[in-house]
Amino acid sequence: MDEPKIIATASDLPYPPVAVDGKNPAYAKAMLDNVGGANSEMSAISLYVYNNLRSGHTPDIAQTFHKVSIVEMHHLEIFGKLAYMLGEDPRMWTQHGCKKAYWTPGYNQYPVHFPEMMRNVIAGENAAIKKYQYQASYIKDPNITALLERIILDEQLHVQIFEKMAREYCQ
């Protein structure tokens, strides 16, 4: 069996410090949604662990999902710290109206065929990019926007990686 290729799954640029200007309930809820909402880092991590297990017969694919999941874990930690610093309990949950809703694996779709799996992860990464760009457009705390912009770079790299994998393995 061939050894998996080693690829970079995070941008080379350093992450800005995890800091906030002060408590802000609205920003805290946005960061909580990045932690435990339907389109969240927790959803990405759980999906990539599943995809790693499903693709274990192809070491390059399995290793890529594993490595990307680790980058997403770092993002989860950043968003959790931000939520806490902004005044929220950083559980795996999000705000729905006046109530909190815990993260659930039911948020994910679990395609088993590789072409659908790749379309699913690319769509998820693109949705995360759009969500973080939107948050960066209205959040006025430069600490948070710098972190969002840095995380977007990783998510854009993930799209490139997954698109390349789709081209290589879906032919």
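Residues numbered from 1 in each chain as written. Predicted model: local features only at pLDDT ≥ 70, side-chain atom pairs only at ≥ 80, totals over all residues. Heavy atoms only, no water.

**Here we look at the side chain of Ser55**
For step 1, the next point in the chain: Relative to the assigned elements, Ser55 resides in the loop between α2 (41-54) and α3 (59-86).
For step 2, the next point in the chain: Residue classification places Ser55 among the buried positions, given a relative accessible area of 4%. (Helix = DSSP H or I, 4+ residues; strand = E, 2+ residues; numbered from the N terminus. Buried < 20%, exposed > 50% of the residue type's maximum accessible area, 1.4 Å probe, protein only.)

**Here we look at the UniProt feature "domain: Rubrerythrin diiron-binding" (unreviewed entry) in the protein chain**
For step 1, the next point in the chain: The sites that UniProt annotates as "domain: Rubrerythrin diiron-binding" (unreviewed entry) are residues 40-165.
For step 2, the next point in the chain: Here residues 40-165 runs as 72% helix and 6% strand, with 22 Å between its end C-alpha atoms. (UniProt positions renumbered as here; feature names shortened; annotations may be inferred.)

**Quick word on the layout of surface pockets**
For step 1, the next point in the chain: Space inside the largest pocket adds up to approximately 300 Å³.
For step 2, the next point in the chain: Around the largest pocket sit 20 residues that line it, and Ala38, Asn39, Ser43, Asn108 and Gly124 are the ones nearest its centre.
For step 3, the next point in the chain: Going through the elements one at a time, α2 and α4 (114-138) are the ones with two or more residues in the lining of the largest pocket.
For step 4, the next point in the chain: Per-element tally for the lining of the largest pocket: the top contributor is α4, with seven residues.
For step 5, the next point in the chain: Class assignment of the residues belonging to the lining of the largest pocket gives a composition of nine nonpolar, seven polar and four charged. (1 Å grid on protein atoms, 1.4 Å probe; cavity = no way out; pocket = protein on both sides within 12 Å on 5 of 7 lines; lining within 4 Å. Points joined across faces, edges and corners; volume = space filled by probe spheres on them. Nonpolar A, V, L, I, M, F, W, Y, C, P; charged D, E, K, R; others polar.)

**Observations concerning the pairing of strand β1 (residues 93-96)**
For step 1, the next point in the chain: As defined by bridge partners, β1 adjoins strand β2 (residues 99-102) across four bridges and the pair is classed as antiparallel. Bridge assignment links His96 to a residue of β2, and that residue is Lys99. (Pairing = 2+ DSSP bridges.)

**What to know about the packing of α2 against α4**
When two helices pack together, their arrangement is captured by the angle between the axes and the distance separating the axes.
For step 1, the next point in the chain: Running from amino to carboxyl end, α2 crosses α4 at an angle of 160°, the nearest separation of the two axes being 11 Å. Considering their axes alone, α2 and α4 lie roughly antiparallel with respect to each other. For α2 against α4, the interelement crossing comes out left-handed. Between α2 and α4, the residues in contact are Glu41, Leu47, Tyr48, Asn51 and Arg54 and Met117, Asn120, Val121, Glu125 and Tyr132, respectively.
For step 2, the next point in the chain: The residue inventory of the contact of α2 with α4, partitioned by class, reads five nonpolar, two polar and three charged. (Axes fitted to C-alpha atoms, helices over the stretch in contact; angles between N-to-C directions. Parallel < 35°, antiparallel > 145°, perpendicular 65-115°, else oblique. Left-handed = near helix turned anticlockwise from the far one by under 90°. Contact = heavy atoms within 4.5 Å.)

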